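Inside the fold
Here are the chains, one letter per residue:
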Amino acid sequence: MNRTLKVAFPHVYCELDFTTPLELSVATILSAQCTDVRVNQVTPALFARYPDARAYAEADRTELEELIRSTGFYRNKANSIIGLGQALVSRFDGEVPGRLEDLVTLPGFGRKTANVVLGNAFGVPGITVDTHFGRLVRRWRWTEETDPVKVERAVGELIERKEWTDLSHRIIFHGRRVCHARKPACGVCILAKDCPSYGDGPVDKLAAAALVKGPETPHLLALAGIGDAVTE
């Protein structure tokens, strides 16, 4: 299934915009209960205003909250971001560390955020168990675990380590574009023949095609043997 997903999504990437480990750390904190699209609208001004860990550590809370307000839960997120800046300055010379055991000690960081930063900013393989990832691997019967750490370990035993980061992206892409929570596009899904949950969504190709989202839609529909005109 991982190899098949690679055909569907040959080019996967972190959908949060960033240029440094610190920027990705802040963007990932902001992405909690918020879309990546919204976060990417907020971060250009945020990153320009706070270029380094010390700037976050010394940030005016009211100003920071206003910049990130549209991402939701902005007070808690501001606490995490200011705390992150302070922790980086006091313990890591202002730099984001590249080890999981260090990252998970930082404000705003759990294993999910740590694995996002490791995999995408440092090139260290990591499995990112977000809502989409957990939902799909259970739908596929890869695991019945619901605890993210247990899901991470279970999937890690199935897939070779060097694939972990890209696997995470592929599953998240598939969850956002095809395998939706309430109505998966089963009829045009490239994993249909291997999926134990095939039929949870419409199996008619035209009905399923209308559910596919994202820039890869023409490619995904071509793989299913139909043109993208049906979605227009």
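What comes next concerns the included structure. Given the structure is predicted, the values throughout are model-derived calculations rather than measurements.

Right, let's talk about the packing of aromatic side chains for a bit. Under the criterion given, the structure shown has four aromatic pairs. With a centroid separation of 5.2 Å and an interplanar angle of 85°, the aromatic rings of Tyr13 and Phe173 are classed as edge-to-face. Highlighted residues: Tyr13 in the loop between helix H1 (2–8) and helix H2 (21–30) and Phe173 in helix H11 (residues 164–177), separated in sequence by 160 residues. Take Tyr13: its relative accessible area is 33%, and that puts it in the partly exposed class. Under the relative-accessibility criterion, Phe173 is labelled buried at 1%. By the ring-pair criterion, three or more aromatic residues cluster together here, those being Phe9, Tyr13 and Phe173. Looking at Arg177, its charged tip hangs above the ring of Phe173, at a distance of 4.0 Å from the centre.

Now for helix H9 (residues 131–139). For H9, the set of buried residues is Phe133, Gly134, Arg135, Leu136, Val137 and Arg139. N-cap assignment for H9: the residue whose side-chain oxygen lies 3.1 Å from the backbone N of His132 is Asp130. Immediately downstream of H9, the backbone of Arg141 shows phi near 65°, a positive value.

Right, let's get into the side chain of Glu163. As for its placement among the helices and strands, Glu163 is situated in the loop between helix H10 (148–158) and H11. For Glu163, a relative accessible area of 12% puts it in the buried group. A distance of 2.9 Å separates the side chain of Glu163 from the side chain of Asn2, its partner in a polar contact. Apart from the residues within four sequence positions on either side, Glu163 is in contact with Asn2, Lys6 and Arg170.

Calculation criteria
- Residues numbered from 1 in each chain as written.
- Predicted model: local features only at pLDDT ≥ 70, side-chain atom pairs only at ≥ 80, totals over all residues.
- Heavy atoms only, no water.
- Phe/Tyr/Trp six-rings, centres within 6.5 Å; stacked < 30°, edge-to-face > 60°.
- Helix = DSSP H or I, 4+ residues; strand = E, 2+ residues; numbered from the N terminus.
- Buried < 20%, exposed > 50% of the residue type's maximum accessible area, 1.4 Å probe, protein only.
- Lys NZ or Arg CZ within 6 Å of the ring centre and 35° of its normal.
- Polar contact = N/O pair within 3.5 Å; in protein donor to acceptor, adjacent residues only side chain to side chain.
- Contact = heavy atoms within 4.5 Å.

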